[in-house]
Amino acid sequence: MPAGVSLSDPARFVDLALYYSEHALLFDLTGERFVDETVGDHLTAMALLERPGARGLLVADARVHREWISASYVEGIPGVDKFQLCHRAGARSAVAESLEEFAWMPEEWGYPGARIRDRVEEFNSVVRGGGETVPGRLLDRQPLDEPPFYVIEAAPAITFAFGGLLIDAEAHALSADGRRTVPGLLVAGADAGGLYRRAYAGGLAPALVFGLAAARTALGPDGETHSDKSGAAVLPDRHPRA
């Protein structure tokens, strides 16, 4: 997300999210790349969290702006210029007509602009020659050399925590050792932990998959729920199958 921008309005989360980061270059406060941006913004955010100040400068060029920043990110949804939305929201951002202008980056931003310029030029030279960049660049290996250049400061943000209760394939909550189910307790969505490890498939997917699994479990094999004297659903204790 753009650093320093208030996220008090949930309706703006999607508009301000920097989805295009997978096609840009990200630099930390020392002016160096530190992660392969193309493998996923969820991994980039975790890597940025460990860098000085937990903030970085996202650099894109006119091609990325045309194909990713202002284009439709999801088929069927009209594209909007996310750079302009973030800029109007107060994000630290700028448009440079050439890479040379990076040397004039405001001192209060805290980034070595000339070094970032040099690193972008080095990156472009390596990918044009078919070489391997450091860090790597697994997917989008096109150079960022079409002016103007779009610069915005980014910070990690959380969609939902990956921690949660251990569950089995039938959505039973498990004991701490993972060997026993907790009678009457079913878990789905973001409350279920251990689903993602350096991966991300959204929050709706585990809600849908394990929500349906929990419903089937609650109904039981005969299609009816079973309750104890307190009225709570009682589920058979069984070993997890997940």
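For the structure, check the block above.
Small disclaimer: the values here were computed from a predicted structure and weren't measured.

What counts as what
- Residues numbered from 1 in each chain as written.
- Predicted model: local features only at pLDDT ≥ 70, side-chain atom pairs only at ≥ 80, totals over all residues.
- Heavy atoms only, no water.
- Patch = residues over 30% accessible without salt bridge, like charges linked within 9 Å, V, L, I, M, F, W, Y side chains within 5 Å.
- Areas by Shrake-Rupley, 256 points an atom, 1.4 Å probe, with all protein chains shown as cover.
- Salt bridge = Lys/Arg side-chain N within 4 Å of Asp/Glu carboxyl O.
- Helix = DSSP H or I, 4+ residues; strand = E, 2+ residues; numbered from the N terminus.
- Core = buried A, V, L, I, M, F, W, Y, C linked by side-chain atoms within 4.5 Å.
- Buried < 20%, exposed > 50% of the residue type's maximum accessible area, 1.4 Å probe, protein only.
- Contact = heavy atoms within 4.5 Å.
- Polar contact = N/O pair within 3.5 Å; in protein donor to acceptor, adjacent residues only side chain to side chain.

A cluster of nonpolar residues, L7, F13 and V14, forms a patch on the protein surface that exposes about 250 Å² of accessible area. Within the fold, F13 resides in helix α1 (residues 13–16).

Residues L18, Y20, L58 and I152 are the most contacted members of the largest nonpolar core, which totals 23 residues. Only α2 (41–49), β2 (56–60), α3 (62–69), α4 (82–88) and β4 (149–154) provide two or more residues apiece to this core. Here L58 is in contact with L18, Y20, S21, A24, L25, L26, Y150, V151 and I152, once residues within four sequence places are set aside. V120, V127, L144 and F149 belong to the second-largest nonpolar core, a separate cluster that totals 17 residues.

A word on α3. Turning to α3, its buried residues number three or more, namely A62, R63, V64, H65 and I69. For α3, the secondary structure elements touched by its buried residues are β2, α4 and β4. In this structure D61 caps α3, since a side-chain oxygen of it lies 3.2 Å from the backbone nitrogen of R63.

As enumerated under the stated definition, the model contains 14 salt bridges in all. R63 is the salt-bridge partner of D140, the closest N and O atoms lying 3.6 Å from each other. Of the two residues, D140 is situated in the loop between α5 (113–128) and β4 and R63 in helix α3; the sequence distance between them amounts to 77 residues. Salt-bridge contacts for D118 lead to R117; the nearest nitrogen and oxygen are separated by 3.1 Å. The class of R117 is buried, set by a relative accessible area of 16%. Within the structure, one salt-bridge network assembled from shared partners comprises E32, R119 and E122.

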